[in-house]
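Observations on the three-dimensional arrangement
Next come the chains, spelled out residue by residue.
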Amino acid sequence: MWLPEGGDATVNSPLTEHDTVHDVLGVGFGPSNLALAIAIDEHNATAPREGRLNALFLERQPCFGWHRGMLIDDATMQVSFLKDLVTLRNPSSDFSFLCFLRERGRLIDFLNQKTLFPLRVEFHEYLEWAADRVRHLVAYDHEVTSISPVRDESGTVVFYDVTCRNPRATGGSVTYRARDICVAVGLEPHLPPGAELSDRVWHNSALMQRVGELVAARTPVRRAVVLGAGQSAAETVDYLHRSFPEAEVCAVFAKYGYTPADDSPFANRIFDPEAVDAYFQAPSEVKQTLFDYHRSTNYSVVDMELIESLYATAYQEKVAGRERLRFLNVSRISGVTPRPDGLLDVAVEYLPTGELQLLRADLLVHATGYRPRDLTSLLGEAAKVCLRDDSDAVRVRRDHRVETASDVQAGIYLQGGTEHTHGLTSTLLSTTAIRAGEIQRCLVDRLAMPSRQPTAA
Ligand code: FDA
């Protein structure tokens, strides 16, 4: 007799709220799964009834939001608007950035700027507009807390039960069942070891909200310290310098100077859809070499324009004799002590000599990057059916489906968290449209599997 493995449900286990078996449940609804939702919606619009995908996307935020904490007024995208949610997959889609501009009455005004790189704020508006058009496929305020395999009588995993925290559901949670899932939960803020966040110590991902609160409360800011040397760090330094005209802003980083991002045309080809094929096929040492050669297209680098602008500001201040913008290079923060008056004592070590300087600061911003969310803990029980490589990373097929044990039919697709198999574009927007199309086509093909023919839940 077949017995379910620990934690797994069976096809006869009751669902708490919903009886529908979805063809696909999306976990997270950022740009990656938004692009997939659009690909599915466009497919469903023309497919015969039996060929349509029944999809639902689960997002923990109360409404669509893309890196809201870094929507700095003048920050621009680092990807061409032609790499929007659809254009590379379907240039005639009406979900394109250009169609959005036309609808907002800004098409000609945008063109006159002669740029491929929209404001980040404007791209966010585009993403919100697109998300609103597929709102029938999304459940907001749904934070996925567990994913469990569901086995049929033969022991084969045929579904996943995806449980979400939802304040409006009975008991505060709700469970959905799906034949396949697509996980696209993005990155999470990364902090230095031992760093503790507080009212005065933030990660840059909360920059806009936190600055807004300080400005609204008229809290004086005399000195702000920013740790980090990447794009977010440089943007944070610039933004704080502009937002608090009386404050000194100290940028602390271990490098000698900011490194410019390599956005030259040949290097940019690492973001082409074909580069994903090359990377995927390559042996692991070639993958590593490619990654190392081209990490300066994305990691710990800053747009040249911003580097030059920060330098020019610092030099102007030097000429004027009032230096508000300071760069403490080849340095690290060796300690942070909150003071009784609410301020911070930030100890900065100059690495060449070990010399310490104490900065009394009103705030400290860790602009220390992002890292992939822990997939194993998110997948929970479902992680146990995933196969792993020698480095214990999940094995992923070219079609973005995780390789699973032979008794698993239900698929887990990944968007993001696949840098080790699909390369640098994994966490970026460059191939979002293409990847969404690849996954959507697989999901449609899987509808035809004999075991996928109408089943009672
Ligand atoms: P993303 O992180 O955007 O979305 C994941 C979603 O999953 C979020 O909405 C989150 O709330 C949700 N979620 C997480 N856990 C969940 C759970 N348990 N249950 C339910 N929902 C959950 N790239 C690029 O190519 N060009 C660019 O210009 C930029 N610019 C840029 C600026 C800034 C400030 C940052 C931080 C990053 C970028 N990026 C970028 C990179 C960025 O990772 C990329 O633009 C997309 O955000 C990737 O989209 P995803 O949907 O994969 O993740």
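Before any of the text, the structure's been laid out above.
First, a word on scope: everything that follows refers to the structure included in this document. (Residues numbered from 1 in each chain as written. Predicted model: local features only at pLDDT ≥ 70, side-chain atom pairs only at ≥ 80, totals over all residues. Heavy atoms only, no water.)

1. Describing the site of the ligand
Counted only if it meets this: Whether a residue is near a molecule or strand depends on its heavy atoms: it is near if one of them lies within 4 Å of it. For the purposes of these results, a polar contact is taken to be a pair of N or O atoms within 3.5 Å, where, inside protein, one atom must be able to donate a hydrogen and its partner to accept one; residues adjacent in sequence count only when each atom of the pair is a side-chain atom. Each accessible area value is a Shrake-Rupley result obtained with a 1.4 Å probe; residue values ignore everything except the protein chains displayed when judging cover. The way it works is that DSSP assigns letters per residue, a run of H or I at least four long becomes a helix, a run of E at least two long becomes a strand, and they are numbered from the N terminus.
With respect to spatial proximity, 29 residues lie near the ligand, and among them Ser-32, Glu-59, Trp-66, Gln-78 and Leu-429 are the closest. One of the side-chain nitrogen or oxygen atoms of Trp-66 is found 2.8 Å away from an oxygen atom of the ligand. For the ligand, whose accessible area on its own is 990 Å², the fraction buried by protein is 91%. Within the residue set of the shell around the ligand, elements represented by two or more residues are α1 (31-46) and β5 (143-151).

2. Overview of the packing of aromatic side chains
Operational definition: Aromatic pairs are defined between Phe, Tyr and Trp rings, using the six-membered ring for Trp, whenever the two ring centres lie within 6.5 Å; interplanar angles under 30 degrees are classed as stacked, those over 60 as edge-to-face, and all others as tilted. For the exposure calls, accessible area comes from a 1.4 Å probe over protein chains only, and a residue counts as buried if that area is under 20% of its type's maximum, exposed if over 50%, partly exposed in between. Here, a charge over a ring is recorded when the distance from Lys NZ or Arg CZ to the ring centre is within 6 Å and its angle to the ring normal is within 35 degrees.
Under the criterion given, the structure shown has 18 aromatic pairs. For the ring pair Phe-97 and Phe-110, a centre distance of 5.4 Å and an interplane angle of 75° mean the geometry is edge-to-face. With Phe-97 in helix α2 (residues 97-104) and Phe-110 in helix α3 (residues 107-112), this residue pair connects regions lying 13 residues apart in the sequence. By the burial criterion, Phe-97 is buried, and Phe-110 matches it. Ring pairs connect the aromatic residues Trp-66, Phe-81, Phe-95, Phe-97, Phe-100, Phe-110, Phe-123, Tyr-126 and Trp-129, which therefore count as one cluster. The cationic tip of Arg-133 hangs over the ring face of Phe-95; the distance from NZ or CZ to the ring centre is 3.9 Å.

3. What about empty space enclosed by the protein?
Which entries qualify depends on this criterion: With a 1 Å grid laid over protein atoms only, a set of points is called a cavity when a 1.4 Å probe fits there but cannot get out and a pocket when it is open yet has protein on both sides within 12 Å along at least five of seven lines; lining residues have an atom within 4 Å of a point. Grid points are joined across faces, edges and corners, and a volume is the space filled by probe spheres set on the points. Classes in brief: Ala, Val, Leu, Ile, Met, Phe, Trp, Tyr, Cys and Pro nonpolar; Asp, Glu, Lys and Arg charged; the others, Gly included, polar.
For the structure shown, the criterion picks out 3 cavities of 30 Å³ or more. When its volume is computed, the largest cavity comes out at roughly 100 Å³. Taken together, Pro-273, Val-276, Arg-398, His-400, Thr-418, His-422, Thr-425, Ser-426, Thr-431, Ile-434, Arg-435 and Glu-438 make up the full set of residues lining the largest cavity. The element best represented in the lining of the largest cavity is helix α13 (residues 432-447), accounting for 3 residues. Looking at the lining of the largest cavity residue by residue, the classes come out as 3 nonpolar, 6 polar and 3 charged.

4. Remarks on helix α10 (residues 304-320)
Rule in force here: Under the convention used throughout, the expected extent of a helix is 1.5 Å for every residue step, that is, one less than its residue count. Arc, as used here, means the arc of the directions from the helix axis to the C-beta atoms.
The end-to-end C-alpha distance of α10 is 24 Å, a good match for the 24 Å that 17 residues give at a rise of 1.5 Å each. The set of residues buried in α10 consists of Leu-306, Ile-307, Leu-310, Ala-314 and Glu-317. The arc that holds the buried residues of α10, viewed along the axis, is 105°, so those residues lie on one side. Away from its buried face by more than 90 degrees, α10 exposes Glu-305, Tyr-311, Tyr-315, Gln-316, Val-319 and Ala-320. Two residues or fewer after α10 comes Gly-321, characterised by a positive phi angle close to 80°.

5. Examining the nonpolar core
Rule in force here: We define a nonpolar core as any set of buried Ala, Val, Leu, Ile, Met, Phe, Trp, Tyr and Cys residues linked to one another through side-chain atoms lying within 4.5 Å.
In terms of nonpolar packing, the biggest core is built from 42 residues, with Phe-29, Leu-34 and Leu-85 touching the most fellow members. Counting only elements with at least two residues in this core, the list comes to α1, β3 (55-58), α2, α4 (120-133) and α13.

6. Details of the sheet that holds strand β15 (residues 355-361)
The condition that has to hold: Criterion used throughout: strands pair if DSSP finds at least two bridges between them. Think of each axis as a best-fit line through the C-alpha atoms, taken over the contacting stretch in the case of a helix, with angles from 0 to 180 degrees between the N-to-C directions.
The antiparallel open sheet is built from 3 strands, whose spatial order is β13-β14-β15. For this open sheet the edge positions go to β13 (331-338) and β15, each flanked by a neighbour on one side alone. On average, each strand axis in the sheet is tilted by 25° relative to the strand beside it, whichever way the strands run. Summarising the sheet, strand β14 (residues 344-350) and β15 pair through 7 bridges and their orientation is antiparallel. By the bridge assignment, Tyr-350 is partnered in β15 with Glu-355.

7. Some points on the environment of Val-138
The following threshold applies: Residue contacts are counted whenever heavy atoms from the two residues lie within 4.5 Å of one another.
Within the fold, Val-138 resides in strand β4 (residues 138-139). For Val-138, a relative accessible area of 12% corresponds to the buried category. Along the backbone, Val-138 and Leu-358 are 220 residues apart, and their C-alpha atoms lie at a distance of 49 Å. Non-local contacts of Val-138, meaning those with residues more than four positions away in its chain, are made with Phe-29, Leu-56 and Phe-57.

8. Here we look at the sheet that holds strand β16 (residues 363-366)
Read from one edge to the other, the open sheet built from 5 strands follows the order β9-β16-β10-β11-β12, with strand pairing classed as parallel. The two strands at the open ends of the sheet, each matched to only one other strand, are β9 (201-203) and β12 (325-328). Strand-to-strand, the axes of this sheet are offset by a mean angle of 20°, without reference to chain direction. The pairing of strand β10 (residues 223-227) with β16 spans 4 bridges and is parallel. Along β16, the bridge assignment pairs Val-226 with Val-365. Those strands touched by helix α5 (residues 207-216) are β9 and β16, and its axis lies near 145° from that of β9.

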